[in-house]
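In case you want the letters, here they are:
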Amino acid sequence: AGDLILEVDGKAYMGEDLEDAATHMKGEAGTQVKLLVERKSKEIPFTITRAAVSDISVSTKMLDDNIGYIRIHSFLSNTAELFEDALSEMEKKKVAGLVIDLRSNGGGMVDQSVQIADMLMDEGTIVYMEDGHGKQTYLTSKEGRTKLPYVLLVNNGSASASEILTAGVQGNHEGTVMGTTTYGKGITQQMMKLKNGDGVEITISQYFSPTGKII
C-alpha cells in the first residue's frame with residue numbers, strides 16, 4: 001500500500017492509464033514483467049514472475065482475554081466455507097466471544113455474505129431487494145446460529161456484501177455493530193450484451209435492511 005507503479009516493462013504510465021497498465025501487467029503464468037515502483041520517494045525496480053493469485057479472504061487470531069478474532073477481507077466464492085471453518089474452530093476453543101472484522105471490506109459475492117449471516121442469525125430477513133417495478137425479493141436465514149457472542153467491526157470502507165451482512169445482524173438485533181457509517185453500496189447491477197459486442201452495466205434493484213432502511 002502506498003507504492004506508485006511508474007513503469008511496466010519500460011513504458012511509463014500515468015493515472016489515467018490505470019486499466020492499460022493493469023492489462024500489461026497481466027499475462028501467462030510463468031512469464032515475467034518488469035516494474036518500476038516509487039516507494040517513499042525512492043525508485044525501485046522489480047522483476048515479477050506472473051502466477052495465478054489466490055486470495056485468502058478469511059484470517060483468524062486470538063486476542064487477549066480469550067477473545068477470538070475473524071477478519072473477512074472480501075467475499076469470494078469460498079469465503080462462507082472458510083468462515084464456517086474458522087467459526088467452528090473458535091467454538092471448539094470455547095472462546096469468550098468473537099470480533100468479526102469487516103473494516104475496509106469492499107464486498108464481493110452476495111450469496112457468500114448471506115450464508116455467513118445465516119451462521120450468525122436465527123430465522124429472519126437478512127435484507128430484501130426491490131426492483132424498479134416495486135417487486136420485492138427477500139434473502140432470509142434459517143433457524144439456528146452460533147452461541148458465541150460477537151461484535152461486527154465496520155468503517156466507511158465496508159461496502160456491498162459487507163453491508164448486507166451487517167444490515168441483517170443489526171436489523172434483527174443478533175449482535176453488536178461497532179464502527180463508523182459504512183460506504184452505502186446498496187444496489188445491484190446486471191451486465192447486458194449489445195448487438196455490436198459491447199456491454200452495458202445497468203442497475204436493476206436496491207437493497208433494504210430488515211427494517212426498511214436504504215443501505
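Computed from a predicted structure; not experimentally measured.

Caption draft 1: Local environment of the overall build of the protein. Per the secondary structure count, the protein includes four helices and 13 strands. With respect to the three principal axes, the spread of C-alpha positions in the protein is 55 × 50 × 30 Å. The 215 residues of the protein split such that 35% are buried. For the protein, long-range pairs separated by at least 24 residues make up 59% of all intrachain contacts whose partners lie at least 6 apart in sequence. Summed over all atoms, the accessible surface of the protein reaches about 13,200 Å², with 51% contributed by carbon and sulfur. When the 21 basic and 30 acidic side-chain charges of the protein are each reduced to a single mean position, those positions are 3 Å apart.

Caption draft 2: Looking closely at the layout of surface pockets. A volume near 340 Å³ is recorded for the largest pocket. Contributing to the lining of the largest pocket are 18 residues, with T166, A167, Q170, T182 and K213 lying nearest its centre. Where the lining of the largest pocket is concerned, the elements lending two or more residues are helix 4 (161–171) and strand 11 (176–179). Broken down by element, the lining of the largest pocket gets its largest block of residues, five residues, from helix 4. Within the lining of the largest pocket, the residues separate by chemical class into six nonpolar, 10 polar and two charged. Of the pockets and cavities examined, the second largest pocket occupies roughly 160 Å³. Every residue along the wall of the second largest pocket is listed here: M25, K26, G27, V33, L35, I48, T49, R50, A51, A52 and V53.

Caption draft 3: Here's a closer look at unusual backbone geometry. For N66, which is not glycine, the phi torsion reads 60 degrees and is therefore positive. Residue placement: N66 occurs in the loop between strand 5 (58–63) and strand 6 (67–72). A relative accessible area of 35% means that N66 is categorised as partly exposed. Of note in the backbone geometry, S160 takes a positive phi value of approximately 55 degrees without being a glycine.

Caption draft 4: Molecular detail of the sheet that holds strand 2 (residues 11–12). With antiparallel pairing, four strands are arranged side by side in an open sheet as 2-1-3-4. Edge positions in the sheet fall to strand 2 and strand 4 (42–49), since each of these pairs with one other strand and no more. Note that strand 1 (residues 4–8) and strand 3 (residues 32–39) share four bridges and pair antiparallel. Looking across to strand 3, one finds that E7 is bridged to L36.

Caption draft 5: The packing of helix 2 (residues 79–92) against helix 3 (residues 110–120), seen in detail. Between helix 2 and helix 3, whose axes approach to 8 Å, the crossing angle comes to 25 degrees. Our classification of the angle between helix 2 and helix 3 gives roughly parallel. Once helix 2 is placed against helix 3, the crossing between them reads as right-handed. Each of T79, A80, E81, F83, E84 and L87 in helix 2 lies in contact with helix 3, whose residues at this interface are Q112, Q115, I116, M119 and L120. Of the residues assigned to the contact of helix 2 with helix 3, the class counts are six nonpolar, three polar and two charged.

Caption draft 6: Focus on the pairing of strand 8 (residues 124–131). Bridge count between strand 8 and strand 9 (residues 136–141): six bridges; the pairing is antiparallel. Residue pairing across strands places M129 opposite T137, the latter belonging to strand 9. The pairing of strand 8 with strand 13 (residues 199–208) spans four bridges and is antiparallel. The partner of D131 across the bridge, within strand 13, is S205.

Caption draft 7: View of the pattern of salt bridges. Taken as a whole and judged by the stated rule, the model has five salt bridges. Here D101 ties to R103 by a salt bridge, and the two come within 2.8 Å at their closest N and O atoms. Taking relative accessible area as the criterion, R103 reaches 36% and is therefore assigned partly exposed. In this structure, K142 and D118 form a salt bridge, with 2.9 Å as the shortest nitrogen-oxygen distance.

Cut-offs used in this document
Residues numbered from 1 in each chain as written. Predicted model: local features only at pLDDT ≥ 70, side-chain atom pairs only at ≥ 80, totals over all residues. Heavy atoms only, no water. Helix = DSSP H or I, 4+ residues; strand = E, 2+ residues; numbered from the N terminus. Buried < 20%, exposed > 50% of the residue type's maximum accessible area, 1.4 Å probe, protein only. Contact = heavy atoms within 4.5 Å. Areas by Shrake-Rupley, 256 points an atom, 1.4 Å probe, with all protein chains shown as cover. Lys, Arg positive; Asp, Glu negative; His and termini not counted. Charge placed at Lys NZ, Arg CZ, Asp CG, Glu CD. 1 Å grid on protein atoms, 1.4 Å probe; cavity = no way out; pocket = protein on both sides within 12 Å on 5 of 7 lines; lining within 4 Å. Points joined across faces, edges and corners; volume = space filled by probe spheres on them. Nonpolar A, V, L, I, M, F, W, Y, C, P; charged D, E, K, R; others polar. Pairing = 2+ DSSP bridges. Axes fitted to C-alpha atoms, helices over the stretch in contact; angles between N-to-C directions. Parallel < 35°, antiparallel > 145°, perpendicular 65-115°, else oblique. Left-handed = near helix turned anticlockwise from the far one by under 90°. Salt bridge = Lys/Arg side-chain N within 4 Å of Asp/Glu carboxyl O.

Such coordinate-based values are descriptive only and should not be taken to indicate function.
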